[in-house]
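Here is what each chain is made of, one letter per residue.
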Amino acid sequence: MRRPWHLILTLLVSVQAIEIEVDNPESVKRASHAVAKNMLAHYTGMNPGDVPGNLPDPYYWWEAGAMFSTLIDYWFYTGDDTWNDITMQAVLWQAGDDGTFMPTNQTRTEGNDDQSFWAFAAMSAAERNFPNPPEGQISWLAMVQSVFNTQARRWNTETCGGGLRWQIFSFNNGYHYKNTISNGCFFNLAARLARYTGNQTYADWAVRAWDWTTSVGFMTEEYLFWDGADDLKNCTVFNQLQWTYNSGVYLLGAATMYNLTNGDPIWRERTERILNATKVFFTKDVMYERACESVNTCEVDQRSFKGYLARWMAATTQMAPFTIDEVMPKLRASARAAAKTCTGGSDQSSCGLKWTSEKWDGSDDVGIQMAALEVIQSILVGDVDPPVTDNTGGTSRGDPSGGSKSEDPQTHSLTGSITAADRAGAGILTVLMALLVFGTVWWAVYE
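Reading the values: the criteria
Residues numbered from 1 in each chain as written. Predicted model: local features only at pLDDT ≥ 70, side-chain atom pairs only at ≥ 80, totals over all residues. Heavy atoms only, no water. Helix = DSSP H or I, 4+ residues; strand = E, 2+ residues; numbered from the N terminus. Buried < 20%, exposed > 50% of the residue type's maximum accessible area, 1.4 Å probe, protein only. Contact = heavy atoms within 4.5 Å. Areas by Shrake-Rupley, 256 points an atom, 1.4 Å probe, with all protein chains shown as cover. Phe/Tyr/Trp six-rings, centres within 6.5 Å; stacked < 30°, edge-to-face > 60°. Disulfide = S-S within 2.5 Å. Axes fitted to C-alpha atoms, helices over the stretch in contact; angles between N-to-C directions. Parallel < 35°, antiparallel > 145°, perpendicular 65-115°, else oblique. Left-handed = near helix turned anticlockwise from the far one by under 90°. Expected span 1.5 Å × (residues − 1).

Q: Just checking my understanding: could you explain the overall build of the chain for this structure?
A: For the chain, the count of helices and strands is 14 helices and five strands. Taking all 447 residues of the chain together, the buried fraction comes to 58%. Restricting the contact set of the chain to residue pairs at least 6 apart, pairs at least 24 apart contribute 70%. If you sum the accessible surface of the chain, you get close to 18400 Å²; carbon and sulfur atoms cover 51% of it.

Dropping the structure here:
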């Protein structure tokens, strides 16, 4: 049977990769919309009976917070408010009345880094003047301050000379692990709060977090970052995996401190050296997660990590414009490559994990979509205004005492007992983490 030529042409076009012209904002916006729409096909939290802000299994709670932070940037970069309502609904629901992002259905497994990734969504909302919550609801800035205050109280000097533990509650496996991302998130939030509010206390905490990270040895001489260390061994034995998002979270924190201090040479050097060190995560200017992609061991969480480095590299160009010439060629090359992987699924916009392959690998995953969306939309950063502050048009009003009434996590008694299933779930996470370390650390160290 003959098919009309226009139908054949339509079929041929439908299986083509998402092509983007990196110098054409409308092309980038169309590609971003397609990838975002596919990502949100996994999300049902806005439906009656579902919990706003939660993604279904196998995705962990923190990744949903990361996703909504991505959507706030999507709105700001593209001007498309299609998903603003579900974003506001999700962040407000998960923040809770006190804004600490410690919902009772998550605290049994919630870590400091998990809490921070939701706080990043609120911080971006404040910095980008995302529509404010309805009257009577806690503000974006107050949420971040609440999270910061709870974490500052958890700063632990009993071991390793300071730092935040990975887990908040002592009954969770991982409580005695001080990891780089938790402390990097704290540093990042402190720097951004200092810039937004002008409050020196936040800047002092940012300096303290940076100094501790370097003194304890989490940052190498090459300005790369280990994953963390056991505080029962006083942080003397490191997990030497190096993830993209650790470099990214410290990069933006350092760039923000450079901006805050009006170009302090110390923070310029730190920003430059972290940025220069990220070259290990690129091949021919295309980003890859070298700790797991090359050996095919990327777990659910890790499939999204590249997106955060892309996000924070883009934001760094606004905080420290001297980085533009170094950052933008890498983001453009990575965006082109990532877009070429987005040919899968019924809508031909499911993306692949390995951007270096420039082809879809059969994946259907929120984190992979989020990472592709982050890097594609990030090349629009030069077309938008830098983050606002309280003195430059920011409309989110804070509460410096936020979170101060929440209970101390060391003594907090959760409603309901900890079940065997809860402990088994936490144990499974620890086993998986151990398997990942043994399966990939040799490559990360000796590659």
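Q: I would appreciate a short explanation of the packing of aromatic side chains in the present structure.
A: Aromatic ring pairs: the centre-centre distance and the angle between the two ring planes describe each pair. In total, this model carries 37 aromatic pairs according to the counting rule given. Summarising the aromatic geometry, the rings of Phe 120 and Trp 312 are spaced 5.5 Å apart at their centres and angled 70 degrees between planes, so their arrangement reads as edge-to-face. Of this pair, Phe 120 sits in helix 5 (residues 112-127) while Trp 312 sits in helix 11 (residues 305-319), and the two are 192 residues apart along the sequence. The buried category is assigned to Phe 120, whose relative accessible area is 1%. We classify Trp 312 as buried; its relative accessible area is 1%.

Q: Looking at this structure, I do not really get the state of the cysteines. What am I missing?
A: Chemically, a disulfide is nothing more than a covalent bond linking the sulfur atoms of two cysteines. Here the structure, examined in full by the defined rule, presents three disulfides. What pairs with Cys 160 in a disulfide is Cys 235, and their sulfur atoms sit 2.1 Å apart. Its S-S torsion of approximately 80 degrees makes the covalent link between Cys 160 and Cys 235 right-handed. Pair noted here: Cys 160 is in the loop between helix 6 (140-154) and strand 1 (177-179) and Cys 235 is in the loop between strand 2 (228-230) and strand 3 (238-239), with a separation of 75 residues, a long-range link. The pair formed by Cys 160 and Cys 235 is uniform in burial state, with each residue classed as buried. Indicated for the chain is the disulfide connectivity 1-2, 3-4, 5-6, based on numbering the bonded cysteines in sequence order.

Q: I'm lost on the packing of helix 5 against helix 7 (residues 180-197) in this one. Help?
A: Between two packed helices, the angle of one axis relative to the other and the distance separating the axes together describe the packing. It is at 9 Å that the axes of helix 5 and helix 7 come closest, and there the two elements cross at 25 degrees. When the axis of helix 5 is compared with that of helix 7, the two are roughly parallel. Taken as a pair, helix 5 and helix 7 cross one another with a handedness that is left-handed. Contact residues: Asn 112, Asp 113, Ser 116, Phe 117, Ala 119, Phe 120, Met 123, Ser 124, Ala 126 and Glu 127 in helix 5; Ile 181, Ser 182, Cys 185, Asn 188, Leu 189, Arg 192, Leu 193 and Tyr 196 in helix 7.

Q: Honestly, helix 11 in this entry has me stumped. Any pointers?
A: Since there are 3.6 residues in each turn of an α-helix, residues three or four apart along the chain are aligned in direction. A rise of 1.5 Å per residue sets the reference length of helix 11, with its 15 residues, at 21 Å; its end C-alpha atoms lie 21 Å apart and thus fit the reference within 8%. Among the 15 residues in helix 11, 15 count as buried, and that is most of the element.

Q: Would you explain the environment of Trp 83 in this entry?
A: One can find Trp 83 in the loop between helix 3 (61-78) and helix 4 (84-95). In this structure Trp 83 comes out as buried when scored by relative accessible area, which is 13%. C-alpha of Trp 83 to C-alpha of Leu 40: the two residues are 43 residues apart in sequence and 9.2 Å apart in space. In this structure, Trp 83 is in contact with His 33, Ala 36, Lys 37, Leu 40, Leu 71 and Tyr 74, ignoring residues within four places of it in sequence.

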